[in-house]
Amino acid sequence: MINPGKHIHTYAVFSEINGEKAQVEDIIAKIKSLNLGGVLSILSQITSSNGELKKECTDMFRRFNQHIGSMDILNSFGDKELYSEQGLFFLWKWLLAYGNQKSMSQPEDVSVGVNQIILLCILLSDYLDSDVTKETVIYSLFSNSTFNTFSDLGSDIARASLMFTEIASNPLLFEKKDYMDLSEKFVERYGYTLQDYFSVIVGLIMEFRTKNEISVNWMRSLNAFDSTNLSDVAKTIVHELSFNLSEGEKWATSSLNEPWNYKLFRRKPLLLLDTGTYCPVSTKLLDDAIFDQLYFKIRDAFPSDSTQVLSFYGKVFEKYIETITMEAVKKKNGLNYQIIKEFKFKAKHKGEKRSPDVLIRLGDTLFAVEAKAHRLRMDSMFGAKNTIDKDIQRMTIEPIIQLNKRLEQLSSIEHPSIEGVNQIYLLSVTWGHFPTLNPFEKKISESMPKFNLPIKGRFHLDIEEYEMLMQLISRKSSKPLSHYLDNKTKLAPNVPFKNFLIDSSLRPRRMEYLTEKLRNEVNRCRDHLYRDKTQ
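Described below are features of the structure shown in this document. (Residues numbered from 1 in each chain as written. Predicted model: local features only at pLDDT ≥ 70, side-chain atom pairs only at ≥ 80, totals over all residues. Heavy atoms only, no water.)

## Things to note about the overall build of the protein chain
Here is the rule: Only DSSP runs of H or I reaching four residues or more are called helices, and only runs of E reaching two or more are called strands; each is numbered from the N terminus. Taken over C-alpha atoms, the radius of gyration is set against a globule rule of 2.2 Å times the number of residues to the power 0.38. Burial status follows relative accessibility: with a 1.4 Å probe on protein chains alone, a residue under 20% of its type maximum counts as buried, one over 50% as exposed, and anything between as partly exposed. Pairs of residues are marked as contacts when any of their non-hydrogen atoms sit within 4.5 Å. Only the protein chains shown count as covering a residue, and every accessible area follows the Shrake-Rupley method with a 1.4 Å probe. Lys and Arg are tallied as positive, Asp and Glu as negative. Neither His nor the chain termini are counted. Think of each charge as sitting on NZ of Lys, CZ of Arg, CG of Asp or CD of Glu.
From N to C terminus, the protein chain includes 24 helices and 11 strands. Taken over C-alpha atoms, the radius of gyration comes to 25 Å for the protein chain, in line with the 24 Å a tight globule of 535 residues would show. Residue burial in the protein chain is summarised as follows: out of 535 residues, 54% are buried. Taking the contacts inside the protein chain whose residues are at least 6 apart along the sequence as the reference set, 80% of them involve residues at least 24 apart. Entry remark: accessible area of the protein chain is about 24,000 Å², with carbon and sulfur atoms responsible for 48%. Positive and negative charge centroids in the protein chain, built from 70 and 68 side chains respectively, lie 5 Å apart.

And the structure:
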């Protein structure tokens, strides 16, 4: 059995040292004394490292405290984390709210800056959560899980390219009444193309790829794209993705008592200074602009009351799931999977229905896949209980119930797709990640109906996890899909599928098909930015 606690850590709080929190006035005074510009540059790199700088920063903090003779602070915390992802975002808000903006031009020594950041995280950690109860801890754990989930950037780029520039642009893949030209509306709304957007975002992301060390030259200039074909477009996109210090101060001050509220950072992941330089609050949030946030950007190109665009999104997502499933089973590994695409059928006494989005058969075993273009709502990411409970329903429970109902209807009419099936696996695949945590898995189980069919297992996966599953069955030495799902149920029922792969030494990998799409898209972005510039 894989221990889910392996991926859960506790963070250090100042009150553990002397039994009480640091005074807010003292924290504010310390923040006002900082060289704000230099500290924000260092903080940006730490929040952008996805944890890769944690060891270096911890070692730097240790050496600094050894130098000033303050090792007691480290010894007090044992093996607890000195900062968390949430704590770093929380510090961003306090620095924006109370930092001395007149010191924005002042650099900061890296070791001094890291020490100040970690110390402030420890001081502020007492203010991250209040009114702690068993229930609030559970929902806080949920939010922390969303903050500490990192997707594969390459897969995000490949997926976005395939979905938005290939699948969504091909009317032949859809019924005429369902199709919408997303590209045309996008240009009308923003004045640049989807390819322009992809090219600039990929360029921005590459600009801020972090090394395993903190640089003093982290900020980038608005003129960075002047040597490309998209100089003006790039400036427009950077402005759209940016907030300034005044906007940041106003928002941070008004939401300081909401430690899970990071809405501004998600909408605008870049801080743009009056000097024309900018940096990301976190490259994770900037990476989201290539896939997750693009959904909202395209959505905003249509009237707010338009339901057709939401429906079309869902159909594009379903077609994507079908496409990568077909690509996965093309590999010759001795397993004769049969793919059954979505089809219409007449259910007994129910009229016309649609089958699950994809059915995968391997002998007498059936894997039923339902794709839902759902993602956690913003309030769920911030720990709102009512919203999380609703997202549990629409992202994990309702799709499974729908799958079971459709299969029962197919069974009742003795449809060939389910004939001879002795075991069934139900898979709900969503656009966004839904954390796999014991208290919520228990809620899901308690909400499941009685299954009359031979249901062997049920799973909720996000799109990246489903891609990893497809990569598994495409390997030359692949075992049947049921083998991996059974092991997941047996060994890691309360662990995300990605962590299960890591912990079981299966090693998550990107599908070859997506790697090829990534290579093509990166080349296309480069050509789009620089074509004819060197001729």
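So that's the structure; there's more coming.
## Focus: empty space enclosed by the protein
Operational definition: Two kinds of site are reported from a 1 Å grid over the protein atoms alone, namely cavities, where a 1.4 Å probe fits but cannot get out, and pockets, open sets with protein on both sides within 12 Å along at least five of seven lines, and residues are called lining when an atom falls within 4 Å of a point. Grid points are joined across faces, edges and corners, and a volume is the space filled by probe spheres set on the points.
Tallied over the entire structure, the rule returns five cavities of 30 Å³ or more. Size it by volume and the largest cavity reaches roughly 420 Å³. Looking at the largest cavity, it is lined by 23 residues, and the ones nearest its centre are Thr149, Asp288, Asp292, Gly432 and His433. Secondary-structure elements contributing two or more residues to the lining of the largest cavity are helix H9 (153–167), helix H15 (283–288), helix H16 (292–299) and helix H21 (463–474).

## Re the packing of helix H11 (residues 194–207) against H16
The description of two helices packed together rests on the angle between their axes and the distance between the axes. Cut-off, in case you're wondering: Axis angles are defined between N-to-C directions and span 0 to 180 degrees, where every axis is a line fitted to C-alpha atoms and, for a helix, only to the segment in contact. Small angles under 35 degrees read as roughly parallel and large ones over 145 as roughly antiparallel, with 65 to 115 read as roughly perpendicular and the rest as oblique. Should the near helix be turned counterclockwise from the far one by less than a right angle, the crossing is left-handed, whereas a clockwise turn marks it as right-handed.
Running from N to C, H11 and H16 cross one another at 150°; their axes reach a closest spacing of 13 Å. Relative to H16, the element H11 lies roughly antiparallel. When you trace H11 past H16, the crossing you get is right-handed. Residue-level inspection shows Leu194, Tyr197 and Phe198 of H11 in contact with H16, the latter providing Leu294, Lys297 and Ile298.

## Comments concerning H11
To be explicit about the condition: The length a helix should cover is 1.5 Å for every residue beyond the first.
With 14 residues, H11 ought to run about 20 Å at 1.5 Å a step, and its terminal C-alpha atoms sit 20 Å apart, in line with that. Buried within H11 we find Leu194, Gln195, Asp196, Tyr197, Phe198, Ser199, Val200, Ile201, Val202, Gly203, Leu204 and Ile205.

## Re the packing of helix H6 (residues 85–98) against helix H7 (residues 110–124)
Counted only if it meets this: All amino acids are sorted into three groups, where Ala, Val, Leu, Ile, Met, Phe, Trp, Tyr, Cys and Pro are nonpolar, Asp, Glu, Lys and Arg are charged, and the leftover types, Gly among them, are polar.
Contact pair H6 / H7: the axes reach a minimum separation of 10 Å and the direction vectors enclose 95°. In terms of orientation, H6 and H7 fall into the roughly perpendicular class. The segment H6 lies against H7, with Gly87, Leu88, Phe90, Leu91, Trp94 and Leu95 engaging Ile117, Leu120, Cys121 and Leu124. Here the contact of H6 with H7 is built from residues that sort into nine nonpolar, one polar and no charged.

## A closer look at unusual backbone geometry
Notably, histidine 349 is not glycine yet its phi reads approximately 65°, a positive angle. Relative to the elements of secondary structure, histidine 349 occurs in the loop between strand S6 (344–347) and strand S7 (351–354). Phi is positive for glutamate 414, which is not a glycine, with a value near 55°. Along the chain, glutamate 414 falls in the loop between helix H19 (385–412) and strand S10 (423–430).

## What about the environment of leucine 410?
Within the secondary structure, leucine 410 is located in helix H19. On the accessibility criterion, leucine 410 (0% relative accessible area) is buried. C-alpha separation for the pair leucine 410 and histidine 528, spaced 118 residues apart in sequence, amounts to 48 Å. If near-sequence neighbours (up to four positions away) are discounted, leucine 410 is found in contact with Phe343, Phe345, Pro356, His415, Ser417 and Ile418.

## So, the sheet that holds strand S2 (residues 242–243)
Convention followed: By this definition, two strands are paired if DSSP reports at least two bridges between them.
Spatially, the four strands line up as an open sheet ordered S1-S4-S3-S2, and their pairing is mixed. Both outer strands of the open sheet, strand S1 (220–221) and S2, are each paired with one neighbouring strand and no more. The pairing of strand S3 (residues 270–272) with strand S4 (residues 277–280) spans three bridges and is classified as antiparallel. Bridging from a neighbouring strand, leucine 270 pairs with proline 280 of S4.

## With respect to the pairing of strand S11 (residues 455–462)
For a regular strand, side-chain orientation follows a simple rule: the groups alternate between the two sheet faces. The condition is simple: For a crossover, the right-handed case is the one in which the path from the first strand over the helix to the second runs clockwise, viewed with the strands pointing away from the viewer.
Pairing of S10 with S11, which is carried by seven bridges, proceeds in the parallel orientation. The residue bridging threonine 430 from the neighbouring strand is aspartate 462, located in S11. Once the chain exits S10 it traverses helix H20 (residues 438–447) before rejoining the sheet at S11, and the crossover so formed is right-handed.

## Topic: the sheet that holds S11
With mixed pairing, the five strands of this open sheet are ordered in space as S5-S8-S9-S10-S11. Among the strands making up the open sheet, the edge pair consists of strand S5 (338–341) and S11. Neighbour-to-neighbour, the strand axes of this sheet turn through a mean angle of 20°, independent of strand direction. Judged from the four bridges that link them, S5 and strand S8 (residues 358–362) form a sheet pairing that is antiparallel. Bridge assignment links isoleucine 339 to a residue of S8, and that residue is isoleucine 360.

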